[in-house]
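Results of the structural survey
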Amino acid sequence: MRDPGLPSLDQLRVFIAVIDHGGFAHAARALHRTQSVISYTIANLEEQLNIALLDRSKRKPTLTDAGRALLADARTVASNVAAMRARAKALGQGLEAEVCLVVDVMFPGCVLVQVLEAFQREFPTVALRLHMEALGAAVQMVQDNRCQLGISGMPMTVPDVIERHIVGHVEMVPVCAPKHPLAKIEGVVPTSELREHLQLVVTDRSNLTQGQDFGVISRRDWRLGDVSAKHALLRGGLGWGNMPMAMVAQDLKAGWLVRLQLQDSGQLLYPLYALHRADEQLGPAASWLRERFIGLDLSLPHEPY
């Protein structure tokens, strides 16, 4: 038995059309060809593959077992070629092949999902590389040209090469587990008491804020490179710390965490900015993404993630 030949893309498209449109005549009308051309193309495809794809013994051609198996392959090939053509067209028009985005770990995850869902709909051919970083690390990645766009709190002096636009503010709340000693204190928790208990702090993986502390009160602290790890340790009762309200809202509602009332009871807001290098022009997809972030209203309530 000879090996199967190499079918053409047109043959595969005709094969798919016959199945999708319910027969040779309907496929012919959909493809603006004669029925004899459709029949001839399918016959040639079967000859190429050395296998029967359609059972013609009935009034309406139906798939054979082999045809059913190979139809999925035909759809995959046709879909991949269509995607390749769409990407080639987009690249020819100046659209980026890929956008690299770095986002501050304090950014509400539910809002990030909404933004990236819209991005995927708007730019289906553009690949996305997403990094989650804390403090100066997001700035560092944009400064070093590792990412075109960043969303960062930037609690530091910003390099001149970085252009920034305000996105909004995230509400931060001091929390601990119900079993933690601080949770037993009624009313305002004195700062002197906070200093005696372990504080969990998200650390910076860049050198931009080396030697600087932000919001550290306690004499003892643990530095964590991941906000999810901090969240888990807080719920486990290992310490206290500030967390984005969006991340702990469900915990507070369920009683897994409690909110501490501090002496400075004013609302603690963490600013967020969109960053990019001023000497580098953003492509269409990255520009769209930046404007989407800038247009957000983070003061609106969001579902916790």
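Refer to the preceding data block for the structure.
Every chain is numbered on its own, with residues counted from 1 as its sequence reads. The model is predicted, so local features are restricted to residues of pLDDT at least 70 and side-chain atom pairs to those at 80 or more, both for listing and for counting; the totals for chains, interfaces and linings are taken over all residues. For the side-chain quantities, the full set of heavy atoms in the structure was used; hydrogens and water were omitted.

1. Focus: the packing of aromatic side chains
The relative placement of two aromatic rings is captured by the distance of their centres and the angle of their planes. Think of it this way: a Phe, Tyr or Trp ring, Trp meaning its six-membered ring, pairs with another when their centres are within 6.5 Å, and the plane angle makes it stacked under 30 degrees, edge-to-face over 60, tilted otherwise. Scanning the model with the defined rule gives four aromatic pairs in all. Considering the side-chain rings of Phe123 and Trp288, the 5.7 Å spacing of their centres and the 75° angle between planes classify their relative orientation as edge-to-face. Of this pair, Phe123 sits in the loop between α5 (109–122) and β4 (127–133) while Trp288 sits in helix α10 (residues 284–294), placing them 165 residues apart in sequence. Taken together, the ring pairs connect Phe119, Phe123 and Trp288 into an aromatic cluster. Charge-over-ring contacts are defined here by two conditions on Lys NZ or Arg CZ: a distance within 6 Å of the ring centre and an angle within 35 degrees of the ring normal. One residue, Arg164, lies across the ring of Tyr273, its end atom 4.6 Å from the ring centre. Every helix listed is a DSSP run of H or I at least four residues long, and every strand listed is a run of E at least two residues long, numbered separately from the N terminus.

2. Re the environment of Cys176
The residue Cys176 is located in strand β6 (residues 162–176) in this model. Throughout this description, buried means an accessible area under 20% of the type-specific maximum (1.4 Å probe, protein chains only), exposed means over 50%, and partly exposed covers the range between. Judged by relative accessible area, which is 0%, Cys176 ranks as buried. Along the chain, Cys176 and Trp256 lie 80 residues apart, while their C-alpha atoms are 8.8 Å from each other. Residue contacts are counted whenever heavy atoms from the two residues lie within 4.5 Å of one another. For Cys176, the contacting residues outside a window of four places in its chain are Leu182, Ala183, Leu234, Gly239, Trp240, Leu257, Val258 and Leu260.

3. Thoughts on unusual backbone geometry
Phi at Asn50 takes a positive value of approximately 60°, unusual for a residue other than glycine. Within the secondary structure layout, Asn50 lies in the loop between α3 (35–49) and β1 (54–55). Judged by its relative accessible area of 26%, Asn50 is partly exposed. Despite not being glycine, Asn145 has its phi angle at roughly 65°, a positive value. Asn145 sits in the partly exposed class, given a relative accessible area of 45%.

4. Examining helix α1 (residues 9–21)
Take the number of residues in a helix, subtract one, and multiply by 1.5 Å to get its expected span. Helix length check: α1 (13 residues) gives 18 Å between terminal C-alpha atoms against 18 Å at 1.5 Å per residue, within 8%. In the segment just after α1, Gly22 is the residue with positive phi, at about 80°.

5. Digging into the packing of α1 against helix α2 (residues 24–31)
Contact geometry of α1 with α2 gives a least axis separation of 8 Å together with a crossing angle of 115°. Here the hand of the crossing between α1 and α2 comes out right-handed. Packed against α1, whose contacting residues are Val14, Ala17, Val18 and His21, the element α2 presents Phe24, His26, Ala27, Ala30 and Leu31 at the interface. Residues that form the contact of α1 with α2 fall into these classes: seven nonpolar, two polar and no charged. Every axis corresponds to a line fitted to the C-alpha atoms, with the helix fit spanning only the stretch in contact, and the corresponding angles, defined between N-to-C directions, vary from 0 to 180 degrees. Handedness of a crossing follows from how the near helix is turned relative to the far one, being left-handed for an anticlockwise turn of less than a right angle and right-handed for a clockwise one. Gly counts as polar in this scheme, as do all residues outside two lists: the nonpolar Ala, Val, Leu, Ile, Met, Phe, Trp, Tyr, Cys and Pro, and the charged Asp, Glu, Lys and Arg.

6. Things to note about the pattern of salt bridges
A pair is scored as a salt bridge if a Lys or Arg side-chain nitrogen falls within 4 Å of a carboxyl oxygen belonging to Asp or Glu. Enumeration according to the criterion identifies 12 salt bridges in this entry. Residues Arg259 and Glu171 are paired through a salt bridge, measuring 3.3 Å at the closest nitrogen-oxygen approach. Of the two residues, Arg259 sits in strand β11 (residues 258–259) while Glu171 sits in strand β6, which places them 88 residues apart along the sequence. For the salt bridge of Arg235 with Asp251, the shortest nitrogen-to-oxygen distance reads 3.1 Å. Taken together, the residues Arg235 in helix α8 (residues 227–235) and Asp251 in helix α9 (residues 245–254) connect sequence positions 16 residues apart.

7. Some remarks on the nonpolar core
Among buried residues, those of type Ala, Val, Leu, Ile, Met, Phe, Trp, Tyr and Cys that are joined through side-chain atoms within 4.5 Å constitute a nonpolar core. Ranked by size, the top nonpolar core spans 43 residues in total, and within it Leu101, Phe107, Ile151, Val167, Leu272, Leu289 and Phe293 carry the most contacts. For this core, the leading source of residues is α5, giving six residues. Contact partners of Phe293, with chain neighbours within four places excluded, come to Leu101, Phe107, Leu112, Val115, Leu149, Ile151 and Val167. Judged by nonpolar contacts, the second largest core, of 19 residues, contains Ala17, Phe24, Ile38 and Leu54.

8. Observations concerning the packing of α5 against α10
Put simply, α5 and α10 touch, their axes get as near as 11 Å, and they point 145° apart. In terms of crossing hand, the pair formed by α5 and α10 is right-handed. Touching Leu112, Val115, Leu116, Ala118, Phe119 and Glu122 of α5 are Ala285, Trp288, Leu289, Arg292 and Phe293, all from α10. Residues of the contact of α5 with α10, tallied by class, amount to nine nonpolar, no polar and two charged.

9. A look at a nonpolar patch on the surface
Only residues whose relative accessible area exceeds 30% and that take part in no salt bridge are eligible for patches, with like-charged residues grouped when within 9 Å of each other and nonpolar side chains (Val, Leu, Ile, Met, Phe, Trp, Tyr) grouped when within 5 Å. Computed with a 1.4 Å probe, the accessible areas rest on the Shrake-Rupley method; for each residue, only the protein chains presented here act as cover. A cluster of nonpolar residues, Leu128, Leu130 and Met132, forms a patch on the protein surface that exposes about 220 Å² of accessible area. Relative to the helices and strands, Leu128 resides in strand β4. By relative accessible area, which is 32% here, Leu128 ends up partly exposed.

Remember, this is a structural readout, not a statement about activity or role.
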